[in-house]
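As a plain string of letters, each chain reads:
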Amino acid sequence: MAGRKRKMLPVTDAEATIVKHKNQTDLTLNVSPAKLKNNPCETLENAQHCEAELSHYFTNNDLHQRLEEDFFKQSCISLAKAFLGKVLVRRCADGTELRGRIVETEAYLGGEDKASHSAGGKRTERNTAMFMKPGTIYVYLIYGIYLCMNVSSEGEGAAVLLRSLEPLQGQPAMRQLRAARRREGARLLKDKELCNGPSKLCQALNIPRCFDRRNLAADPEVWLEKDPNINPAEPNDIVSAPRIGIESHGEWAKKPWRFYLRGHPCVSVVNKEAERQSVSANVTSNLVPSEVQSHTGQHNVKKA
């Protein structure tokens, strides 16, 4: 259960700068990154950086449906797929809401899954959330500085890592939060780069370590929603690929338990081979028995 290591610089004392999109006035916010990190939305409020900015994928902003406890009561792999297309919401201190659609996940099953923090049923102070009821948030630190967000599922010690989001609302605030962890003068991030990685999405939505062991079904500051205008992802839309950053775990690194929406620009890492294999598998599964024989080159031989 590891995020992909990316080269990122620590917070500096430089002032964060946001450049607004075209047709808007450029605006510089003189705020120390430390203050931004502690209370981002209150700091952004006066500069109006928490204004709603919607993705063209996001429709009917008034019909939000919060996912309740029953949704999370699924097996780990099933939940990892079910998350795709759902919307993660972060409510800031001033009431502003940041939204991102989940486009990539990874399943960690615990037990025999040696890549899981709970492998072999091992319980520690760090991974306690993985053994709590489905829907519990598990936030952990990687490389000593970055955070990753997971959600527990059914199954002893099983949890789903949220890998990438499509930013839907509050991109200026997300850009400000990401800028606080980047080099002064670094280029402005594109929307698709704001949340395309497990640590990036935690930075962009300001998911802190203290969210560990909270429950997504009941928490007032972070939750999941169903967009009533978006249908659940179809099997043909989902790519199953090996998980990332667990190469040292041998055969478990090859398990196709990373799931992402085919062709989505916010996916962190595209696996072309896995995409080809999934297309072939879906074509075969949709054929009737006689067509399968033709497709695979196998035919019935009449016995004497």
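Residues numbered from 1 in each chain as written. Predicted model: local features only at pLDDT ≥ 70, side-chain atom pairs only at ≥ 80, totals over all residues. Heavy atoms only, no water.

*Asks:* Explain the overall build of the protein here, please?
*Replies:* The number of helices and strands found in the protein is seven helices and eleven strands. Look at the contacts in the protein between residues 6 or more apart in sequence, and 66% of them connect residues 24 or more apart. Accessible surface, the protein as shown: approximately 15100 Å² in total, 49% of it carbon and sulfur. (Helix = DSSP H or I, 4+ residues; strand = E, 2+ residues; numbered from the N terminus. Contact = heavy atoms within 4.5 Å. Areas by Shrake-Rupley, 256 points an atom, 1.4 Å probe, with all protein chains shown as cover.)

*Asks:* Can you walk me through the pattern of salt bridges in this structure?
*Replies:* Side chains carrying opposite charge are able to pair once their charged atoms draw close together. A complete count under the given rule lists 21 salt bridges for this structure. Between R101 and E166 there is a salt bridge, with its nearest N and O atoms 3.5 Å apart. With a gap of 65 residues between them, R101 in strand β5 (residues 97-108) and E166 in strand β8 (residues 159-169) connect regions that are remote in the sequence. Take R101 and E166: they sit in the same class, and that class is buried. Of the charged contacts, one joins D227 and R101 as a salt bridge, the two residues approaching to 3.8 Å between their closest N and O atoms. Pair noted here: D227 is in the loop between β9 (222-226) and β10 (238-241) and R101 is in strand β5, with a separation of 126 residues, a long-range link. Overall, the relative accessible area of 4% leaves R101 in the buried class. (Salt bridge = Lys/Arg side-chain N within 4 Å of Asp/Glu carboxyl O. Buried < 20%, exposed > 50% of the residue type's maximum accessible area, 1.4 Å probe, protein only.)

*Asks:* Whenever I open this one, the nonpolar core confuses me. Can you help?
*Replies:* The tendency in soluble globular proteins is for nonpolar side chains to be buried side by side. Formed by 50 residues in total, the largest nonpolar core has its most connected members in F83, L88, M149, L205, L216 and L224. Excluding its chain neighbours within four sequence positions, the residues that come into contact with L224 are Q65, R66, L67, F71, F72, F83, V87, L88, I102 and L216. Counting 15 residues, the second largest nonpolar core, distinct from the first, contains M1, Y108, C148 and L161. (Core = buried A, V, L, I, M, F, W, Y, C linked by side-chain atoms within 4.5 Å.)

*Asks:* Can you walk me through the environment of N236 in this structure?
*Replies:* Note that N236 resides in the loop between β9 and β10. When the C-alpha positions of N236 and E275 are compared, they lie 9.9 Å apart, and in sequence the two are 39 residues distant.

*Asks:* How do you make sense of unusual backbone geometry when you look at a structure like this?
*Replies:* Peptide bonds are, in most cases, trans, and in most cases residues other than glycine have a negative phi. Phi is positive for N206, close to 50°, though the residue is something other than glycine. Among the structural elements, N206 can be located in the loop between α5 (198-204) and β9. By relative accessible area, N206 is classed as buried at 17%.

*Asks:* Please clarify how the state of the cysteines should be interpreted in this entry.
*Replies:* Think of a disulfide as a covalent bridge from one cysteine sulfur atom to another cysteine sulfur atom. Evaluation of the coordinates by the stated rule reveals zero disulfides. C266 forms no disulfide, and the closest cysteine sulfur to it belongs to C195, at a distance of 7.6 Å. (Disulfide = S-S within 2.5 Å.)

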